[in-house]
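# Notes for the structure review
Here is how the chains run, residue by residue.
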Amino acid sequence: MIPEQSAGQRSSLDSALRGNCPRCGADDLFKGWVGFADKCGGCGLDFQAFNVGDGPAAFLIFIVGTITVVSALVVDGAFSPPWWVHLVWIPVATALTIGGLRLSKAWLLAQEYKHRAREGRIAQ
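All values reported here derive from a predicted model rather than from experimental measurement.

Conventions and cut-offs
- Residues numbered from 1 in each chain as written.
- Predicted model: local features only at pLDDT ≥ 70, side-chain atom pairs only at ≥ 80, totals over all residues.
- Heavy atoms only, no water.
- pLDDT = per-residue confidence, 0-100.
- Helix = DSSP H or I, 4+ residues; strand = E, 2+ residues; numbered from the N terminus.
- Patch = residues over 30% accessible without salt bridge, like charges linked within 9 Å, V, L, I, M, F, W, Y side chains within 5 Å.
- Areas by Shrake-Rupley, 256 points an atom, 1.4 Å probe, with all protein chains shown as cover.
- Salt bridge = Lys/Arg side-chain N within 4 Å of Asp/Glu carboxyl O.
- Expected span 1.5 Å × (residues − 1).
- Contact = heavy atoms within 4.5 Å.
- 1 Å grid on protein atoms, 1.4 Å probe; cavity = no way out; pocket = protein on both sides within 12 Å on 5 of 7 lines; lining within 4 Å.
- Points joined across faces, edges and corners; volume = space filled by probe spheres on them.
- Nonpolar A, V, L, I, M, F, W, Y, C, P; charged D, E, K, R; others polar.
- Axes fitted to C-alpha atoms, helices over the stretch in contact; angles between N-to-C directions.
- Parallel < 35°, antiparallel > 145°, perpendicular 65-115°, else oblique.
- Left-handed = near helix turned anticlockwise from the far one by under 90°.
- Phe/Tyr/Trp six-rings, centres within 6.5 Å; stacked < 30°, edge-to-face > 60°.
- Buried < 20%, exposed > 50% of the residue type's maximum accessible area, 1.4 Å probe, protein only.
- Lys NZ or Arg CZ within 6 Å of the ring centre and 35° of its normal.

### A short note on the confidence of the model for the protein
Counting all residues, the mean pLDDT for the protein is 89, and 90% of those residues have values of 70 or more. Mean pLDDT values for the elements of the protein range from 92 in helix 1 (residues 12–18) up to 95 in helix 2 (residues 55–79).

Here's what the structure looks like:
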């Protein structure tokens, strides 16, 4: 059974996009670019209790890799630029990876909070 979302509660995607705590909406989910803070400064929610694992990174390897390689092949096929032009894909891939990690890790944490997911439990 999925818990009902109250009128004042943000969606998991909205919390993830803003990098906010899924419980109170405080803007302190991350302590760095992609690392979670230990706990929320507003409500005290322990972010370390959630296990987002390596799932976001594994999916991003495929997604960002595909976007970068296909884009590089299209640019190379359409314009035949010198080799050094392709160095632009390094910052593009870096930005996509960091942005994607922030978004996907925050969304997974918000989903775990919303659905009260814990290790070793099957909802019935």
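What follows continues from the structure just given.
### Looking at a nonpolar patch on the surface
Together, Phe59, Ile61, Phe62, Ile63, Ile67, Val88, Val92 and Leu96 make up an exposed nonpolar region whose accessible area comes to about 780 Å². When residues of the nonpolar patch are traced back to their parent elements, those giving at least two are helix 2 and helix 3 (89–114). Sorting elements by how many residues they give to the nonpolar patch places helix 2 first, with five residues. Along the chain, Ile67 turns up in helix 2.

### Regarding helix 3
One turn of the α-helix equals 3.6 residues, which is why residues spaced by three or four share an orientation. Between the first and last C-alpha of helix 3 there are 36 Å, a value that for 26 residues agrees with the 38 Å anticipated at 1.5 Å per step. Tucked into the core, helix 3 has its buried residues touching helix 1 and helix 2. Arg116 sits one or two residues past helix 3 and shows a positive phi near 50 degrees.

### With respect to the pattern of salt bridges
Summed over all chains, the structure comprises one salt bridge. Across the salt bridge formed by Arg18 and Asp14, the nearest N and O atoms sit 2.8 Å from each other. Of the two residues, Arg18 and Asp14 are both situated in helix 1; the distance of four residues between them amounts to about one turn of the helix.

### Thoughts on the layout of surface pockets
Taken as a whole, the largest pocket holds about 160 Å³ of empty space. In terms of lining residues, the largest pocket is bounded by 13 residues, among which Phe36, Phe50, Val52, Gly53 and Lys105 are the most central. Listed by contribution, the elements that provide at least two residues to the lining of the largest pocket are helix 2 and helix 3. Counting residues per element, the lining of the largest pocket draws most heavily on helix 3, which supplies three residues. Grouping the constituent residues of the lining of the largest pocket by class yields eight nonpolar, three polar and two charged.

### Points about the packing of helix 2 against helix 3
Relative to each other, helix 2 and helix 3 sit at 150 degrees, their axes nearing to 9 Å. Our classification of the angle between helix 2 and helix 3 gives roughly antiparallel. For the pair helix 2 and helix 3, the crossing hand works out as right-handed. The segment helix 2 lies against helix 3, with Pro56, Ala57, Leu60, Val64, Ile67, Thr68, Ser71, Ala72 and Val75 engaging Trp89, Ala93, Leu96, Thr97, Gly100, Leu101, Ser104, Lys105 and Leu108. A class-by-class count of the residues in the contact of helix 2 with helix 3 yields 12 nonpolar, five polar and one charged.

### With respect to the packing of aromatic side chains
Counted under the stated rule, the structure contains two aromatic pairs. Measuring from centroid to centroid gives 5.4 Å for Phe30 and Phe36, while their planes differ by 20 degrees, and the two rings are stacked. A relative accessible area of 11% places Phe36 in the buried class. Positioned above the aromatic ring of Phe30 is the side chain of Arg102, whose terminal nitrogen or guanidinium carbon lies 4.0 Å from the ring centre. When the ring centre of Phe36 is taken as reference, the NZ or CZ atom of Lys105 above it lies at 5.1 Å.

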